[in-house]
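Chain and residue survey
Here's the letter readout for the chains.
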Amino acid sequence: MNQKGGVGKTTTTINLGHALVITGKKVTLLDMDPQGQIATGYGLENNVSGLDDVLLNDMALDDVKVQARDNLFVVPAGKQLGEFELVTSGGSARGHKLRQAIEASSLHDQDFILIDCPPSSGLLGVNAMFAAGEIVIPVSSDYLSLQGLSRMIPIVKRAESLSGHEIKLWLLSTRMDLRRRLAHEVRNKILNYFPGRVFKTMIRENVALAECPSFGKTIFEYKPTSAGAEDYFSLAHDLLERRMS
Ligand SMILES: Nc1ncnc2c1ncn2[C@@H]1O[C@H](COP(=O)(O)OP(=O)(O)O)[C@@H](O)[C@H]1O
Ligand SMILES: [Mg+2]
């Protein structure tokens, strides 16, 4: 999650998800962004029932999940997901729809459920935060991305107190151009402000990561020897071993 667009939320959901599967985990990806790019990234249709029907029409997650790869399910956004932001009835219960849908599903047997969030913190983002135990905030190497991060912190804190459960925060340096001084400055800032909460692995800017969605492939299928594949695999290890800087 990050309110700023273009920081690598979707790229991370797609490729960290597949990296975890490659290390032997069972993973489900939930696409909470109405743009529906998770399905596309895996070469699937978004033109189907998805989270829109779960949130708007109380359909079961198990009825809309799609097997994307071995040990990997995707729940597409569906075409109507954006309408959920406009729902006004239901009071505070509206924020708990996703959490309840997960609790009522067979997704408990998954090792990881990754939720790709929209670049906003409206009702869709609230549902994601109420459902999640941990939030990864990708921070790309520019100052606007840092601003997005500082806006996120009070929102996550508020979600934590409203939902009554602890939400662990992790930061991830994304789109790093290691030759640029600014990239290192931004990383040093987040390391200073969030000691122990920043993933050791930095995701480098890598053109193959930008290319692979148009082929419906993850980086591990499109260019398994690329820097992008190396970085997302390393990130999966960070997550499993809690390796932090
Ligand atoms: N590490 C990277 N290297 C190169 N391109 C990237 C990288 N991460 C993301 N991109 C590209 O940047 C754009 C925005 O990334 P995306 O994951 O969609 O961000 P968000 O979901 O936060 O809006 C996309 O075109 C994506 O392919
Ligand atoms: Mg996105």
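Residues numbered from 1 in each chain as written. Chains lettered and ligands numbered in written order. Predicted model: local features only at pLDDT ≥ 70, side-chain atom pairs only at ≥ 80, totals over all residues. Heavy atoms only, no water.

1. A look at the packing of helix α7 (residues 143-163) against helix α8 (residues 181-193)
How we decide: A fitted line through C-alpha atoms serves as each axis, taken over the contacting stretch for helices, and the angle formed by two N-to-C directions is quoted from 0 to 180°. Numbering of helices and strands runs from the N terminus, with a helix taken as a DSSP run of H or I at least four residues long and a strand as a DSSP run of E at least two residues long. An angle below 35 degrees is read as roughly parallel, one above 145 as roughly antiparallel, one from 65 to 115 as roughly perpendicular, and any other as oblique. A crossing counts as left-handed when the near helix is turned anticlockwise from the far one by less than a right angle, and as right-handed when that turn is clockwise. Contacts between residues were defined by any pair of non-hydrogen atoms, one from each residue, lying within 4.5 Å.
It is at 10 Å that the axes of α7 and α8 come closest, and there the two elements cross at 20°. It follows that α7 is roughly parallel to α8 by the angle criterion. The two elements α7 and α8 meet at a crossing, and its hand is right-handed. Taken together, the residues of α8 that come into contact with α7 (itself represented by Y143, L146 and L149) are L182, E185, V186, K189 and I190.

2. Here's the deal with the nonpolar core
Put simply, the rule is: We define the nonpolar core as a collection of buried residues of types Ala, Val, Leu, Ile, Met, Phe, Trp, Tyr and Cys that are connected through side-chain atoms lying within 4.5 Å of one another. Accessibility here uses a 1.4 Å probe with only protein chains present; expressed as a share of the type maximum, an area under 20% marks a residue as buried, one over 50% as exposed, and anything in between as partly exposed.
Counting 39 residues, the largest nonpolar core has L30, L51, L61 and L149 as its most contacted members. Sorting the residues of this core by element identifies α3 (51-57), α4 (61-64), α5 (97-103), α6 (123-131), β5 (134-140), α7, β6 (168-174) and α8 as the ones contributing at least two each. Considering every element that reaches this core, the biggest residue donor is α7, with six residues. Contact partners of L30, with chain neighbours within four places excluded, come to L51, L61, V75, L98, I102, L107, I113, L114, I115 and D116. Within the second largest apolar cluster, 28 residues are counted, among which are V21, V74, I219 and A229.

3. Here's the deal with the site of ligand 1
Put simply, the rule reads: Each residue is tested against the molecule or strand, and it is near if at least one of its non-hydrogen atoms lies within 4 Å. In protein, a polar contact means a hydrogen-donor-capable atom and an acceptor-capable atom, both N or O and within 3.5 Å, with residues adjacent in sequence counting only if both atoms are side-chain atoms; elsewhere, any N or O pair within 3.5 Å suffices. Only the protein chains shown count as cover for residues, with accessible areas throughout obtained via the Shrake-Rupley method and a probe of 1.4 Å.
Neighbouring ligand 1 are 14 residues; G6, K9, T10, T11 and N206 lie closest to it. Residue T10 places a side-chain N or O atom 2.9 Å away from an oxygen atom belonging to ligand 1. Within the side chain of R175, a nitrogen or oxygen atom sits 2.9 Å from an oxygen atom of ligand 1. When isolated, ligand 1 has an accessible area of 550 Å², and the protein chains bury 80% of it. Those elements that provide at least two residues to the shell around ligand 1 are α1 (9-22) and α9 (207-211).

Purely geometric stuff here, so don't read any function into it on its own.
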